[in-house]
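Close look at the chain arrangement
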Amino acid sequence: MTYVVTEDCIACKHMDCVEVCPVDCFYEGENMLVIHPDECIDCGVCEPECPIDAIQSDSAPGMAPWIELNRKFARLWPNISEKGQPPGNAKAMEGRPDKLRDLFSELPGEGT
Ligand code: SF4
Ligand code: F3S
């Protein structure tokens, strides 16, 4: 069991989630965060912290591809444990459809 960051996070990246994680298992991409599924202890503390409900339990419907995306990029991106500055247009990007196809960046973020 793990929690997963999903499509809504892309281009929003509010980062309220990282500050509460007791095991620091968030990893930072250029415009999204992911959770390392083998490090997450399934505490659920981060889920209500995300203002746009981008964090889901892996038991929610349709999570399989997102677990794999989280796993893949948690290995490639740097760890992040401190909230940074969200993108300036984060508000405008909320709820935008097809973020994975149109906006997702494989580039790493800076990490903290
Ligand atoms: Fe961290 Fe708990 Fe969220 Fe897993 S569920 S990412 S351990 S805060
Ligand atoms: Fe993303 Fe929400 Fe965290 S938008 S960075 S999952 S607070």
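That block above? That's the structure.
Below is a summary of the structure that appears in this document. (Residues numbered from 1 in each chain as written. Chains lettered and ligands numbered in written order. Predicted model: local features only at pLDDT ≥ 70, side-chain atom pairs only at ≥ 80, totals over all residues. Heavy atoms only, no water.)

1. Details of the overall build of the chain
- When its secondary structure is counted, the chain shows three helices and four strands.
- Across the chain, helices and strands are ordered from the amino to the carboxyl terminus as β-β-β-β-α-α-α.
- Structurally, the chain occupies a C-alpha span of about 30 × 30 × 25 Å along its principal axes.
- Taking all 112 residues of the chain together, 46% fall into the buried category. (Helix = DSSP H or I, 4+ residues; strand = E, 2+ residues; numbered from the N terminus. Buried < 20%, exposed > 50% of the residue type's maximum accessible area, 1.4 Å probe, protein only.)

2. Observations concerning the environment of V23
- Relative to the assigned elements, V23 resides in the loop between β1 (3–5) and β2 (26–28).
- A C-alpha to C-alpha distance of 31 Å links V23 and P97, two positions 74 residues apart in sequence.
- The contacts of V23, once residues within four sequence positions are left out, are E39 and I41. (Contact = heavy atoms within 4.5 Å.)

3. Overview of the site of ligand 1
- The environment of ligand 1 is formed by Y3, C21, P22, V23, C25, F26, I35, C40, I41, C43, G44 and C46.
- The class makeup of the residues in the shell around ligand 1 is 11 nonpolar, one polar and no charged. (Near = heavy atom within 4 Å. Nonpolar A, V, L, I, M, F, W, Y, C, P; charged D, E, K, R; others polar.)

4. Overview of helix α1 (residues 64–76)
- Its 13 residues give α1 an end-to-end C-alpha distance of 19 Å, which sits within 8% of 18 Å, the value for a rise of 1.5 Å per residue.
- Along α1, the residues that are buried comprise W66, I67, L69, N70, F73 and A74. Looking straight down α1, one finds its buried side chains confined to an arc of 160°; they lie on one side. Exposed side chains of α1 directed beyond 90 degrees from the buried face belong to A64, P65, R75 and L76.
- Summarising the contacts, the buried residues of α1 are in contact with β1, β2, β3 (33–35) and α3 (99–102). (Expected span 1.5 Å × (residues − 1). Arc of directions from axis to C-beta.)

5. Here we look at the pattern of salt bridges
- For the structure on display, the rule yields eight salt bridges.
- Residue D38 is joined to R71 by a salt bridge in which the shortest nitrogen-to-oxygen separation is 3.1 Å. Of this pair, D38 sits in the loop between β3 and β4 (55–57) while R71 sits in helix α1, placing them 33 residues apart in sequence.
- Several salt bridges converge on common partners, so that one network encompasses R96, D98, R101 and D102. (Salt bridge = Lys/Arg side-chain N within 4 Å of Asp/Glu carboxyl O.)

6. Some words on the site of ligand 2
- In the neighbourhood of ligand 2, 13 residues make up the surrounding shell, with C9, H14, M15, C17 and C50 lying closest.
- Each residue belonging to the shell around ligand 2 can be placed in one class, and the counts come to 10 nonpolar, one polar and two charged.

That's the geometry; what it means functionally is another story.
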